[in-house]
Amino acid sequence: MTKKICRWGFIGAAAIARKNWKAVRMSGNSVVAAVASRDVSRAEAFIHDCSLECPPVIEQEDEHPTLTRPLAIGDYQELIDRDDIDAVYIALPTSLRKKWVIAAAKAGKHVLCEKPVAVHGDDAEEMIQACREAGVGFMDGVMFDHSARLPELRRSLKDPDRFGTLRRIQTHFSFCGDDSFDQSNIRASAELEPHGCLGDLGWYCIRMSLWASGFQMPIAVAGRSIRTLDEGRVPSEFQGELRFEGDLSAGFFCSFHCVNQQTATLSGDRGYITIDDFVLPFVDAEVKWQTNTHDLQIHNCRWNFGRHSTSHAVKEHASGEPDSQEVRMIRNFAVDVLQNSHHIAPGSIHAADVALKTQRVLDALRRSDAEFGAWVSLEE
Ligand SMILES: NC(=O)C1=CN([C@@H]2O[C@H](COP(=O)(O)OP(=O)(O)OC[C@H]3O[C@@H](n4cnc5c(N)ncnc54)[C@H](OP(=O)(O)O)[C@@H]3O)[C@@H](O)[C@H]2O)C=CC1
Ligand SMILES: O=C1CO[C@H](CO)[C@@H](O)[C@@H]1O
């Protein structure tokens, strides 16, 4: 008989794990079975707080609903070694993940790993290889990959009349860290998050660029840190440029010092697409984007730039509801776990490959930064 519920173990009582606690609750095919923290009291507090807002799943047994309270564990390995866990969600800082991803794979657990996946592409490859050898799935935590908006955007991109041929991808992801950010946030620490804003925010910009390009790798990239933290070791404001075959190009900006902005512009030779919230959609029951085909008419002294914009939307709650992108992420991953279908279908783009491609581009951008922004070439 096939299992119907994926039993998750959370490794690290991280802030983002609270959102994914709710995503598991909303998914309909998953349950958080255990939470491990370096300190068991933090795991207990995490379960307590999350349960208040979002009680753990109610199981219908013999018509008597029962609340299932996850186990609080004070040791990551102890969680990994349990037999009643199918998949782990690893939301530790980037530099600590490799060890636990490999340990989880060796214990036969499927792995949902936060982004950026690793410190180096070779580490990411080792982590993914360990999952392949163990026959378990590997996916990174990019939620927008699972939004119902993406297939619709792809349709807009393929419109020969209102979009044409893709020429340019421009993304921007920024927020302003608060007063304690530099001192206490993991994102400002070279030991914990060595890629800083490039790993934290640029990861999404790279991913959107790869998605828009149909997951072809750029042939060359160039990138520069504009500002840094932790004695120059952590990029905190970064600009990158990606060059693809056929003169397609992508540019991005990411920063811990700039206002909340999560915009993407995809430009063709007939029209362009704008997305104001490409990572975390604005609170709404719909996610939106615009297509634009403005025209410039010049007649002697009259110069008229005509606006032609159309708004589009798909019904999908921004977050925290059964149809939200992060809930789809958990549900999609769990479907593969339950069907044991983490194999790579011929011709399909596998989640692990997408994560590795993103990491390889990030690595090349860091190499470019070390070479003062020189163009660095990539091989597929
Ligand atoms: N996909 C997404 O939408 C998002 C992804 N992220 C990614 O998730 C990761 C975690 O981010 P966030 O939740 O904000 O981080 P937090 O600082 O809230 O959590 C990190 C967790 O790692 C564990 N940890 C283990 N060792 C250390 C250490 N030496 N120092 C600090 N923490 C340690 C801690 O768990 P414990 O003490 O319980 O063992 C801690 O709770 C980041 O890499 C980030 O990029 C973040 C937000 C959104
Ligand atoms: O992945 C993430 C999503 O957005 C956040 C900012 O708003 C990031 O800091 C985080 O790590």
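Residues numbered from 1 in each chain as written. Chains lettered and ligands numbered in written order. Predicted model: local features only at pLDDT ≥ 70, side-chain atom pairs only at ≥ 80, totals over all residues.

By the naming in an unreviewed UniProt entry, the chain is 1,5-anhydro-D-fructose reductase, taken from Neorhodopirellula pilleata.

Engineer: Mind laying out the environment of Phe173, listing which residues take part and the relevant values?
Structural biologist: Structurally, Phe173 can be placed in strand 9 (residues 166-176). Sequence-wise, Phe173 and Leu201 are 28 residues apart; in three dimensions their C-alpha atoms are separated by 5.9 Å. In this structure, Phe173 is in contact with Leu201, Tyr204, Cys205, Cys254, Gln262 and Val279, ignoring residues within four places of it in sequence. (Helix = DSSP H or I, 4+ residues; strand = E, 2+ residues; numbered from the N terminus. Contact = placed C-beta atoms within 7 Å.)

Engineer: Which residues make up the nonpolar core, and what are the values?
Structural biologist: Among soluble globular proteins, nonpolar side chains are generally buried collectively. Formed by 101 residues in total, the largest nonpolar core has its most connected members in Ile11, Val35, Ile90 and Val111. Among the elements that line this core, the one with the most residues is helix 8 (residues 196-212), at 11 residues. Split by domain, this core shows at least three residues from each of two domains, domain 1 (6-144) and domain 2 (149-315 + 349-377). Leaving out residues up to four positions away in the same chain, Val35 has contacts with Phe10, Ala13, Ala43, Phe46, Ile47, Pro70, Ala72 and Ile73. (Core = buried A, V, L, I, M, F, W, Y, C linked by C-beta atoms within 7 Å. Buried ≥ 20, exposed ≤ 12 C-beta atoms within 10 Å, placed from the backbone. Domains from an automatic or database assignment.)

Engineer: Any chance you could break down the packing of helix 5 (residues 121-134) against helix 10 (residues 351-370) for me, citing the residues and the numbers?
Structural biologist: The N-to-C vectors of helix 5 and helix 10 enclose an angle of 170 degrees; their axes lie 9 Å apart at closest approach. Compared by their axis directions, helix 5 and helix 10 come out roughly antiparallel. Crossing handedness for the pair helix 5 and helix 10: left-handed. Taking contact as the criterion, the partners of Gly121, Ala124, Glu125, Ile128 and Cys131 in helix 5 are, on helix 10, Ala352, Ala355, Leu356, Gln359, Arg360 and Asp363. In the contact of helix 5 with helix 10, the residues fall into 6 nonpolar, 2 polar and 3 charged. (Axes fitted to C-alpha atoms, helices over the stretch in contact; angles between N-to-C directions. Parallel < 35°, antiparallel > 145°, perpendicular 65-115°, else oblique. Left-handed = near helix turned anticlockwise from the far one by under 90°. Nonpolar A, V, L, I, M, F, W, Y, C, P; charged D, E, K, R; others polar.)

Engineer: Account for helix 8, with residues named and values stated.
Structural biologist: Over its 17 residues, helix 8 extends 24 Å from the first C-alpha to the last, a length consistent with the 24 Å expected when each residue adds 1.5 Å. The sharpest bend along helix 8 reaches about 50 degrees and sits at Gly202. (Expected span 1.5 Å × (residues − 1). Bend = angle between axes of the 7 residues up to and from the residue.)

Engineer: Mind laying out the site of ligand 1, listing which residues take part and the relevant values?
Structural biologist: Every one of the 21 residues lining ligand 1 counts as a neighbour, but Ala13, Ala14, Ala15, Ile16 and Ser37 are closest to it. The set of elements that each furnish at least two residues to the shell around ligand 1 consists of helix 1 (15-27) and helix 4 (94-106). Within the shell around ligand 1, the residues separate by chemical class into 11 nonpolar, 4 polar and 6 charged. Of the residues that make up the shell around ligand 1, three or more belong to each of domain 1 (6-144) and domain 2 (149-315 + 349-377). (Near = placed C-beta within 6 Å.)

Engineer: Tell me about the sheet that holds strand 15 (residues 286-292), residues and numbers included.
Structural biologist: Spatially, 18-15-14-13-9-12-11-10-19 is the arrangement adopted by the 9 strands of the open sheet, whose pairing is mixed. Single-partner strands in this sheet number two, and they are strand 18 (309-315) and strand 19 (376-377). As paired strands, strand 10 (residues 220-229) and strand 11 (residues 234-243) are joined by 9 bridges and run antiparallel to one another. Paired with Ala222 across the two strands is Glu241, which belongs to strand 11. (Pairing = 2+ DSSP bridges.)

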